[in-house]
Amino acid sequence: MTAPESRLPGPERSPGFLLWRVTLAWQRAMRAALAPHDLTHVQFVLLTTTWWLTRAGEPPTQRQLADQAGTDTMMTSQVVRKLAGRGLLARADDPADARAKRLEITPAGLELVAKALKDVEAADAEFFAATDDGFVDALARLGP
């Protein structure tokens, strides 16, 4: 039987393990920031990404939203339905593609994004206070 070997002295020097631990801590901070708004993190991400995409042009399709957010299309569809059921998003047929749905953020959705975004950005600023712009640049390089 071969004993495991690592090039690292322990988990405290493993980038993957550290990223895992930091991600868990950050997710706790996000849950706490979003709890007063009755939003899960994925709901917040999809609602806010819809707003961002709409600001940049026409209302996005669910597929465009999923691609931008990096989420699974089926899960995106389920979450969008919940957000629409809460009156935060409106879904409409895409005139150019009968299979596609265009998403628009409602006035109630805009109001919620305005409030939740302030809390999330404040939680982000507090959580990442010990970092600098180089950290954000490094994350951007690591992403898709």
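Residues numbered from 1 in each chain as written. Predicted model: local features only at pLDDT ≥ 70, side-chain atom pairs only at ≥ 80, totals over all residues. Heavy atoms only, no water.

Under an unreviewed UniProt entry, the name given to the protein is MarR family transcriptional regulator, and the organism recorded is Amycolatopsis vancoresmycina DSM 44592.

Helix and strand counts for the protein stand at 6 helices and 2 strands. Walking the protein from its N terminus toward its C terminus, one meets helices and strands in the order α-α-α-α-β-β-α-α. Taken against the 2.2 N^0.38 rule, which gives 15 Å for 144 residues, the C-alpha radius of gyration of the protein at 19 Å runs more than 25% over that of a compact globule. In the protein, the share of contacts with a sequence separation of at least 24, taken over all contacts with a separation of at least 6, comes to 55%. On the protein, roughly 9,900 Å² of surface is accessible, and the fraction owed to carbon and sulfur atoms is 57%. Distance from the positive charge centre (17 side chains) to the negative charge centre (18 side chains) of the protein: 5 Å. (Helix = DSSP H or I, 4+ residues; strand = E, 2+ residues; numbered from the N terminus. Rg over C-alpha atoms; globule rule 2.2 N^0.38 Å. Contact = heavy atoms within 4.5 Å. Areas by Shrake-Rupley, 256 points an atom, 1.4 Å probe, with all protein chains shown as cover. Lys, Arg positive; Asp, Glu negative; His and termini not counted. Charge placed at Lys NZ, Arg CZ, Asp CG, Glu CD.)

What follows deals with the layout of surface pockets. One number sums up the size of the largest pocket: a volume of about 1,100 Å³. Considering the residues around the largest pocket, the lining is formed by 30 residues, among which Trp-26, His-41, Asp-124, Phe-128 and Leu-139 are closest to the centre. Going through the elements one at a time, helix H1 (15-34), helix H2 (41-55), helix H3 (62-69), helix H5 (107-127) and helix H6 (133-142) are the ones with two or more residues in the lining of the largest pocket. Roughly 200 Å³ of internal volume is contained in the second largest pocket. Considering the residues around the second largest pocket, the lining is formed by Thr-61, Gln-62, Arg-63, Thr-73, Met-74, Ser-77, Arg-81, Arg-99, Ala-100 and Lys-101. Those elements that place two or more of their residues in the lining of the second largest pocket are H3, helix H4 (73-85) and strand S2 (97-105). Sort the elements by how many residues they give to the lining of the second largest pocket and H4 lands first, with 4 residues. Looking at the lining of the second largest pocket residue by residue, the class counts come to 2 nonpolar, 4 polar and 4 charged. (1 Å grid on protein atoms, 1.4 Å probe; cavity = no way out; pocket = protein on both sides within 12 Å on 5 of 7 lines; lining within 4 Å. Points joined across faces, edges and corners; volume = space filled by probe spheres on them. Nonpolar A, V, L, I, M, F, W, Y, C, P; charged D, E, K, R; others polar.)

Our focus in this paragraph is the environment of Leu-47. Inspection of the secondary structure puts Leu-47 in helix H2. On the basis of relative accessibility, which here comes to 1%, the residue Leu-47 falls in the buried class. Sequence separation of Leu-47 and Leu-110 is 63 residues, and the distance between their C-alpha atoms is 8.8 Å. Leaving out residues up to four positions away in the same chain, Leu-47 has contacts with Leu-83, Leu-88, Leu-89, Ile-105, Gly-109, Leu-112 and Val-113. (Buried < 20%, exposed > 50% of the residue type's maximum accessible area, 1.4 Å probe, protein only.)

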